[in-house]
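Observations on chain architecture
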Number of protein chains: 4
Amino acid sequence: MIIVLNRDATQQDIDHIITKVKEVGLEPHVSVGVEKTIIGVVGDDDKMINVPVESFKGVEQVIRVTKPYKLASRDFHPHNTIIDIGTVRIGSEELAIMAGPCSVETREQITLIAKEVKKYGANVLRGGAFKPRTSPYSFQGLGKEGLELLKYAKEQTGLPIVTEVLDPRDVELVESYADILQIGTRNAQNFPLLKEVGRTRKPVLLKRGLAMRVDEWLLSAEYIMSGGNYNVILCERGIRTFETATRNTLDINIIPVLKERTHLPVVIDPSHATGKAKYVPSMALAAVAAGADGLIIEVHNDPENAWSDGDQSITPEQFRDLMIKIREIAQIVGRKIPEPSSVA
Amino acid sequence: MIIVLNRDATQQDIDHIITKVKEVGLEPHVSVGVEKTIIGVVGDDDKMINVPVESFKGVEQVIRVTKPYKLASRDFHPHNTIIDIGTVRIGSEELAIMAGPCSVETREQITLIAKEVKKYGANVLRGGAFKPRTSPYSFQGLGKEGLELLKYAKEQTGLPIVTEVLDPRDVELVESYADILQIGTRNAQNFPLLKEVGRTRKPVLLKRGLAMRVDEWLLSAEYIMSGGNYNVILCERGIRTFETATRNTLDINIIPVLKERTHLPVVIDPSHATGKAKYVPSMALAAVAAGADGLIIEVHNDPENAWSDGDQSITPEQFRDLMIKIREIAQIVGRKIPEPSSVA
Amino acid sequence: MIIVLNRDATQQDIDHIITKVKEVGLEPHVSVGVEKTIIGVVGDDDKMINVPVESFKGVEQVIRVTKPYKLASRDFHPHNTIIDIGTVRIGSEELAIMAGPCSVETREQITLIAKEVKKYGANVLRGGAFKPRTSPYSFQGLGKEGLELLKYAKEQTGLPIVTEVLDPRDVELVESYADILQIGTRNAQNFPLLKEVGRTRKPVLLKRGLAMRVDEWLLSAEYIMSGGNYNVILCERGIRTFETATRNTLDINIIPVLKERTHLPVVIDPSHATGKAKYVPSMALAAVAAGADGLIIEVHNDPENAWSDGDQSITPEQFRDLMIKIREIAQIVGRKIPEPSSVA
Amino acid sequence: MIIVLNRDATQQDIDHIITKVKEVGLEPHVSVGVEKTIIGVVGDDDKMINVPVESFKGVEQVIRVTKPYKLASRDFHPHNTIIDIGTVRIGSEELAIMAGPCSVETREQITLIAKEVKKYGANVLRGGAFKPRTSPYSFQGLGKEGLELLKYAKEQTGLPIVTEVLDPRDVELVESYADILQIGTRNAQNFPLLKEVGRTRKPVLLKRGLAMRVDEWLLSAEYIMSGGNYNVILCERGIRTFETATRNTLDINIIPVLKERTHLPVVIDPSHATGKAKYVPSMALAAVAAGADGLIIEVHNDPENAWSDGDQSITPEQFRDLMIKIREIAQIVGRKIPEPSSVA
């Protein structure tokens, strides 16, 4: 930690800070510069976590040097984490392709879509049973019935399931159906929920909050990991900026940044990011080219009649065409995706 | 709702949209312009809520005209809502002045601060027992013990309590102690939690999410109100922007915007907005001048040793000086605050 | 400057950095911590301005400690700058109240408005002759004819003039009419223009760019000051954020931040910030309460027929009512405004 | 244009608006809905450009339906614009690969880099002679001498030159050397400069402003085109958001949005967007995958000693490796780049 003093700081102020730093067992080094005096604190910044240094007299600025997360940091875990969910090892050479409808609607709908996306190479089925909706008057998901329908589709296709959990009280229920628990963007700092999924051992797909800086996101991952669940997958799904031409701004830049700071796999959601089906394919390709470990894409057989997010869902045919190009780009950047298959 | 068609839209596309609009019981009006064809949908936009018009062929843009919230809207409830919590009628001529520490620490601390802030005119005591912290390694609050200490401070001073609830499973517990339930910025779209506090009849202080547009915020209020709890207080506490000189950017502009769109009271939190004690007084005065119905301010008797947020807490002496000016500005804008008092 | 090394930095990397730092005449101090090695560079950071330390092998992060501006910094000039323009000393106890139409339209219009705003206490007349418009098809201002009309209005009322200059080739012309040269938000980093106004000795009202951090803004002030023109007034006029309910978000927080970092006066423009006349009064009061040194407000006698920005212009009557409250709030925060007067 | 009235609008207010709309020669259509009354204005919205409808009594909201730009719009010019600069037809199947140093430094430096980048497939040489720098104390470019050096490098390699012009007074000079005139992000709404380059017939590379929405950007293109210069290339170079891990956030989403709204070619600058050399390759690949018409990349033979932007410059060797992958991805999305060549 670096403590920068302001021009009015007195020797008494400096001595006071030195005392405080020593109290938590750290070593202060004072450098008196021409313009500014600086106190460097050597050792583990975390010991200072509950010391409000910025409120101390004479302090102008406080700069953390070490990262506030440990378990999520590549500094402490240099090798990529690979999460094996049967059909795919997420974070490995093979990309995770998660596809399916926004909401589970009917047995026919989810089964049909599951078969279609599997045919073209998807290795995980997405589908919402509990839906976080901005308006209380929008369709809120089928709940437990939706989970049952997902289970049926899984039995028919062999595809593992990623589905969202919204409420800490539902974690046990959702965990009993899901292969990956999804934490949505609005719950990215819902700490009771993060702690609850941290108590399970199910992989967690942690979406980035709409206005979350990368270190805050990794601290949310740390919440899950500090509960003992190390199987965290980070999912970028668009951040909120001033631009309104797309619903959100997909932050593809964050892929190499995350690859540098953390060992956790990174999945990209071009559907929620852009909010418009027509923009999904180009963003999916960009994400793979930039080094993503996977994609999560909304696919619906009848977007016009989808119960939610029809605007951003692509059709199975569009998904098929997209997968052809994803496969080719994956190869160029040293990755691969499953071969297309057929479901009996 | 206004549906703008793109230049390639065919008569067939138009007919299809007309059919869809009529299916939900609304009336379409087609205007063929020189450049664009527009379909106006007259009636209640909410009937269209689950129709993904943007995914229809030929559609360029869809514009909602009516507000998506009803109970929170001034259109449907022209008169200001006033919430009576005994010491103050929030939304009335008298300002709500909520003050106290970030976290409840000890019986001595909370009682001392409660007496001090009451002495200078506060009419509500704030204090956190359940704390949402960005890092899992930060102090997480005293929990139930904190609630007990708040209760004690309330008995000593008569001040009603506002305190945060994080977890739907804690609502019943917190409700039994609190006079106002606080929903924090990170839970502003935690819908299970919003529904849960909507089932109580306790006033709810709903903080704005870091990247929430005003209509999304009012939809979160609508979640609470649609459960039957109409006692919602909106609290602006800084939004996330590109500027890093302050922790967040207090959006004072939103005060007159809210006053226009909703009948709910508006309270401003200058402490979390700026993140620095030295900026709190000027922002508190600005908020009152702009027409806020109240303030929520962090006050700590010993900021350097506060267990959380010491950087942004002002001292009781600073609070006293600030209240003198708040009182004067309140009068100019037709408001008032309680006279300073002493606690036996 | 603080140089933080990454975990893979070798002794050779460290030696290389030390050599580079010494080459520019500065003194490096190496601290080897448990997690990170840090090199503190003592002395004037500016000597490092053209050394791309972040590109050096082994470097994770580079943190500047001293401010990159000198002439604009309060560190080097602790006392408030006061700019005397005859009717008012900007930055003094008396507030600068700049008022007038967005665009100068006709002799009658500008003279009428000038007399009205003077009557209610304005001490500077604003009015645009050269207009920066987002669309090439919008009215672009009367140019030199507009300057002549401003001159006439000044003769009639005694009010000094603030008016915008867009083009370095027009500086000499505009300077010959204006008492204060305005640099607009879109030109806040138009460096040739900043240098050109830096060569004059006329006070400059420097608006903040739409996405400018405070230190970038002060560097733009530094451009002007390094040319020898120390008479810079900073004008906050709304920043661009995700919120679209107001045209921009007036960043009132920046007032105390600027007061801390610089000695230059700070003026607030609530008209461009909100873009809507109805929100102007509450934001004007908030700005004064927060410690602004002045306001610049668009006033038009007939907003419906204004040639530009009618949406955000208040009427002389609204200005009159607003000034009554501004006067009262000014007193509470230790400021004053001129008494209302009449123009012969 | 759609005019939405508020709940208090009277018949008199409606009549007044109807009169105003008819005055500019347009046809109003009034729809009285259950909640809101709406007035649709059929015809050319541009006729309303100087009518401040939002200031009219009874008006709640005004929504433009037609785009405010014409010449830049795909509605009016459905086919892609292709700009032929000799070595490459920008906007065609072949990608424009612009590469070179941030600043021109010496004859040896610019010639060496030009030869290197040409060897690996670049078809345009970039290099700054006039540099916009945030600080007045940073290196400001060699000016005319830099242009001479660029000319020499062009003679040696045959590569056309893209270089920035900052000042309307320099347009004639820069035009006499450059093959493409670059307008920087800070000048994206410098209207006198846009008009000046609009008077030339040289292609213009127009960078997006830091906080510019897409329609504002296209209006800046319209400024240039309305002067008669239709050769505008749009360049995305990162927008300002809350995220600070990268210098800016490269908005790759804007590629498909631009392709839909305009016929002008789109080039991506990953160097300024990320600000860090290590992130450049993945962003370059993402841009090509997403459908960009070209790239502009900073390459320097000795980044540590670059006179500006060394942090974000890649070396010729890194450029060579990157070009191999760019070539492969280009093919997948139906594009190509020049074969590597050698310079005598």
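Described in the following lines is the structure provided in the data block. Everything quoted here is computed from the prediction, not taken from an experiment.

Note that Asp251 of chain D resides in the loop between β12 (232-236) and α7 (254-261). Residues Asp251 of chain D and Val333 of chain D lie 82 residues apart in sequence; the distance between their C-alpha atoms is 19 Å. Once residues lying within four places of it in the same chain are set aside, the contact partners of Asp251 of chain D are Glu243 and Thr249 of chain A together with Glu236 and Ile239 of chain D.

Moving on, we come to the relation of the copies chain A and chain B. Each copy superposes on the other: chain A lies on chain B with an RMSD of 0.0 Å after a rotation of 180° and an axial shift of 0.0 Å. Such values leave the two copies arranged in the relation of a two-fold axis. Residue Ala211 of chain A, judged by its C-alpha, is the member of chain A lying nearest the rotation axis, at 2.9 Å. Most of the interface of chain A is mirrored in chain B: 100% of its interface residues are interface residues there too.

With that settled, the discussion passes to the pairing of strand β10 (residues 180-183) of chain C. Residue and element names in this part refer to chain C. Where burial is concerned, the two faces of β10 agree: the one with Ile180 and Gln182 and the one with Leu181 and Ile183 are both buried. Bridging between strand β9 (residues 161-164) and β10 involves three bridges; their strand directions are parallel. By the bridge assignment for β10, Glu164 is matched with Gln182. One ladder, built from three bridges, connects β10 with strand β11 (residues 204-207); its direction is parallel. Paired with Gln182 across the strands is Leu205, a residue of β11. Remark: the β10/helix α5 (residues 191-199)/β11 crossover connection has right-handed handedness.

Bringing the packing of helix α2 (residues 107-119) of chain D against helix α3 (residues 144-157) of chain D into the picture now. Residue and element names in this part refer to chain D. The interhelical angle for the contact between α2 and α3, taken along N-to-C directions, is 40°, at an axis separation of 9 Å. Between α2 and α3 the crossing geometry is right-handed. Side by side, α2 and α3 meet where Arg107, Ile110, Thr111, Ala114, Lys115 and Lys118 of the first sit next to Leu149, Leu150, Tyr152, Ala153, Gln156 and Thr157 of the second. Partitioning the contact of α2 with α3 into residue classes produces six nonpolar, three polar and three charged.

Looking now at the relation of the copies chain B and chain C. Here chain B sits on chain C after a turn of 180° about the axis and a move of 0.0 Å along it, with an RMSD of 0.0 Å. Taken together, the interface assignments show that 100% of the residues at the interface of chain B recur at the interface of chain C, consistent with an identical surface on both copies.

This part is about the sheet that holds strand β1 (residues 2-5) of chain A. Residue and element names in this part refer to chain A. With antiparallel pairing, the four strands of this open sheet are ordered in space as β2-β3-β1-β4. At either end of the open sheet lies a strand with only one pairing partner, and these are β2 (27-32) and β4 (59-63). For this sheet, the mean angle separating the axes of adjacent strands, direction not counted, is 20°. Bridge analysis of β2 against strand β3 (residues 37-42) gives six bridges, and the strand direction is antiparallel. From the neighbouring strand, Pro28 faces β3, where its bridge partner is Val41. Contacts between helix α1 (residues 11-23) and the sheet are confined to β1, β2 and β3, with β2 contributing the most and set at about 155° to the helix.

Conventions and cut-offs
Residues numbered from 1 in each chain as written. Chains lettered and ligands numbered in written order. Predicted model: local features only at pLDDT ≥ 70, side-chain atom pairs only at ≥ 80, totals over all residues. Helix = DSSP H or I, 4+ residues; strand = E, 2+ residues; numbered from the N terminus. Contact = placed C-beta atoms within 7 Å. Least-squares fit on C-alpha atoms with pLDDT ≥ 70 in both. Buried ≥ 20, exposed ≤ 12 C-beta atoms within 10 Å, placed from the backbone. Pairing = 2+ DSSP bridges. Right-handed = clockwise from strand over helix to strand, strands pointing away. Axes fitted to C-alpha atoms, helices over the stretch in contact; angles between N-to-C directions. Left-handed = near helix turned anticlockwise from the far one by under 90°. Nonpolar A, V, L, I, M, F, W, Y, C, P; charged D, E, K, R; others polar.

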